Amino acid sequence: MSSADRKAIHFGAGNIGRGFIGPLLVNSGYHVIFADVDKDVISKLNDQDSYDVLVLEEDDEQQETVSNVSGVLSTSDDIVRAFADPAVDLVTTAVGPAILEKIAGTIARGLHARRKANAGPLNIIACENMINQTTTLRKHVFASLADEDKTWVSEQVGFANCSVDRIVPPFDPKDSATPLDVGVEGFYEWVVDEDALHQTRHDVRLKGIRLTTDLQAYIERKLFTLNCGHAITAYLGFIKGYSTIDEAIRDAEIHGTVQNALLNEGGAALRKRHEFDEEEYRHYVEKTLDRFANPKLKDDIVRVGRQPLRKLEKGDRLLGPAHMARECGLPIDNLAKGIAAAFLYEVPDDKQSVELQKKVEKEGIEKVVAEITGFKEDSEEHRTILDAYTALRKSDKKRSHA
């Protein structure tokens, strides 16, 4: 393993870890230790010590080499020993929300080893696509900590929430020399809660990463704009029979629905709540729509639309902006169309899709919409969603997306 003066552990050696978080940490002067359960990936990282990231812009492509990396199996004692290394002062994750609880025990064992080794403070940032992801991880970690470790962790370990934004689609590196190579879009944003970070041996310097004392504004801007628009594009595109996000957003009707949902409904509420500059937010929305239209990303609709029940959770990308808009006295016609489309997302190998369709069939769409959305039956919002559902169901091409 490298004897670098500054190291970071990153859980998750998948496309997001290798294509987004890892490169930013390397550019910030870290040797990055990837931790993963995939023995083949870990072996390749140790054999090669580098890989390429292909930046997929619509009119241009750039190749960046990421080096100064290594790997450890997250199920081995090597990861625990890595935590005890004083050179490690940062731990990040990109494993998916459902996996945070599974890695929490390993992190707890690592923090115990760090306390015993008197290796000093460090910070943990979970880079998952969910709100308060690091707070969630902290809860799971503390559930696995021994009592004698909890006080030390509270004093020595920072758990900082963040907002992450970069489209990293599945990548098939046909022209690459190694399967470690990954393709990403050029745009990225990683915003971290500065107040939650602890002072470490080195100052916290993260190149390309924004530290803020108002993280909630960035979280909601990203979730209620990028994620909201992505979901609406996917669900409406699914109904129209498109295969990729860029195909769907180039449909004038879908583009108009997404643009109005973001600018005049959820986005208008966001501007009121967080006092965003109107012109700056309009530019952010336009940039978001341009990102969706990038054909080089080949972003599958079924990837973006998967797990519709999670995306229909209260406070998430669809219902969050809808409820915020209504609280501000704003319309939700376009958001309602996206919400209704989610109820028509029917993919046999998506467990949540199957569960949702069975629920609708058993209980009826009226009851299910009220239960899931929180809008009472016969309310204006409930009727708007049902009207959109009825209209969309008539137009649904039922094209196979298996």
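The model shown is predicted, which means the values in this text are computed figures rather than measured ones.

Colleague: Before we move on, can you summarise the packing of helix H9 (residues 252-274) against helix H13 (residues 319-327) with the specific residues and values?
Modeller: Remark: H9 packs on H13, axes separated minimally by 8 Å, with the N-to-C direction vectors making an angle of 65°. Considering only the axes of H9 and H13, their crossing is left-handed. On H13, the residues touching Glu265, Gly266, Ala269, Leu270 and Arg273 of H9 are Pro321, Met324, Ala325 and Glu327. Grouping the constituent residues of the contact of H9 with H13 by class yields 5 nonpolar, 1 polar and 3 charged.

Colleague: Summarise a negative patch on the surface; cite the residues concerned and give the values.
Modeller: Side chains of Asp277, Glu278, Glu279, Glu280, Glu286 and Asp290 sit close together on the surface and give a patch of like negative charge. In this fold, Asp290 is placed in helix H10 (residues 278-292).

Colleague: Would you mind going over the pairing of strand S5 (residues 69-73) in detail, with residue names and values included?
Modeller: The buried count for S5 comes to 4 of 5 residues, which makes it a mostly enclosed element. Across 5 bridges, strand S2 (residues 31-36) lies against S5 in parallel orientation. Looking at the pairing, Ile33 lines up with Ser70 of S5.

Colleague: Tell me about the sheet that holds strand S12 (residues 210-212), residues and numbers included.
Modeller: Judged by pairing direction, the sheet is mixed, and its 3 strands sit side by side in the order S9-S11-S12 without closing on themselves. Sheet topology places strand S9 (162-165) and S12 at the edges, where each strand pairs with a single neighbour. On average, each strand axis in the sheet is tilted by 20° relative to the strand beside it, whichever way the strands run. Pairing analysis gives 3 bridges linking strand S11 (residues 189-193) to S12, with the strands arranged parallel. Directly across from Asp193, in S12, lies its bridge partner Thr212. Contacts between helix H7 (residues 215-240) and the sheet are confined to S9, S11 and S12, with S9 contributing the most and set at about 35° to the helix.

Colleague: Go over the pattern of salt bridges, please, and point to the residues and values.
Modeller: All told, the structure shown has 21 salt bridges when counted by the stated rule. Close ionic contact of Glu371 with Lys359 constitutes a salt bridge, the shortest N to O distance being 3.1 Å. With Glu371 in helix H16 (residues 365-373) and Lys359 in helix H15 (residues 351-363), this pair connects stretches of sequence that are 12 residues apart. Overall, the relative accessible area of 42% leaves Glu371 in the partly exposed class. Given the relative accessible area of 22%, Lys359 is considered partly exposed. Each of the salt bridges in this network shares a partner with another, and the network as a whole consists of Lys240, Asp251, Glu253 and Lys337.

Parameters and conventions
- Residues numbered from 1 in each chain as written.
- Predicted model: local features only at pLDDT ≥ 70, side-chain atom pairs only at ≥ 80, totals over all residues.
- Heavy atoms only, no water.
- Axes fitted to C-alpha atoms, helices over the stretch in contact; angles between N-to-C directions.
- Helix = DSSP H or I, 4+ residues; strand = E, 2+ residues; numbered from the N terminus.
- Left-handed = near helix turned anticlockwise from the far one by under 90°.
- Contact = heavy atoms within 4.5 Å.
- Nonpolar A, V, L, I, M, F, W, Y, C, P; charged D, E, K, R; others polar.
- Patch = residues over 30% accessible without salt bridge, like charges linked within 9 Å, V, L, I, M, F, W, Y side chains within 5 Å.
- Areas by Shrake-Rupley, 256 points an atom, 1.4 Å probe, with all protein chains shown as cover.
- Salt bridge = Lys/Arg side-chain N within 4 Å of Asp/Glu carboxyl O.
- Lys, Arg positive; Asp, Glu negative; His and termini not counted.
- Charge placed at Lys NZ, Arg CZ, Asp CG, Glu CD.
- Buried < 20%, exposed > 50% of the residue type's maximum accessible area, 1.4 Å probe, protein only.
- Pairing = 2+ DSSP bridges.

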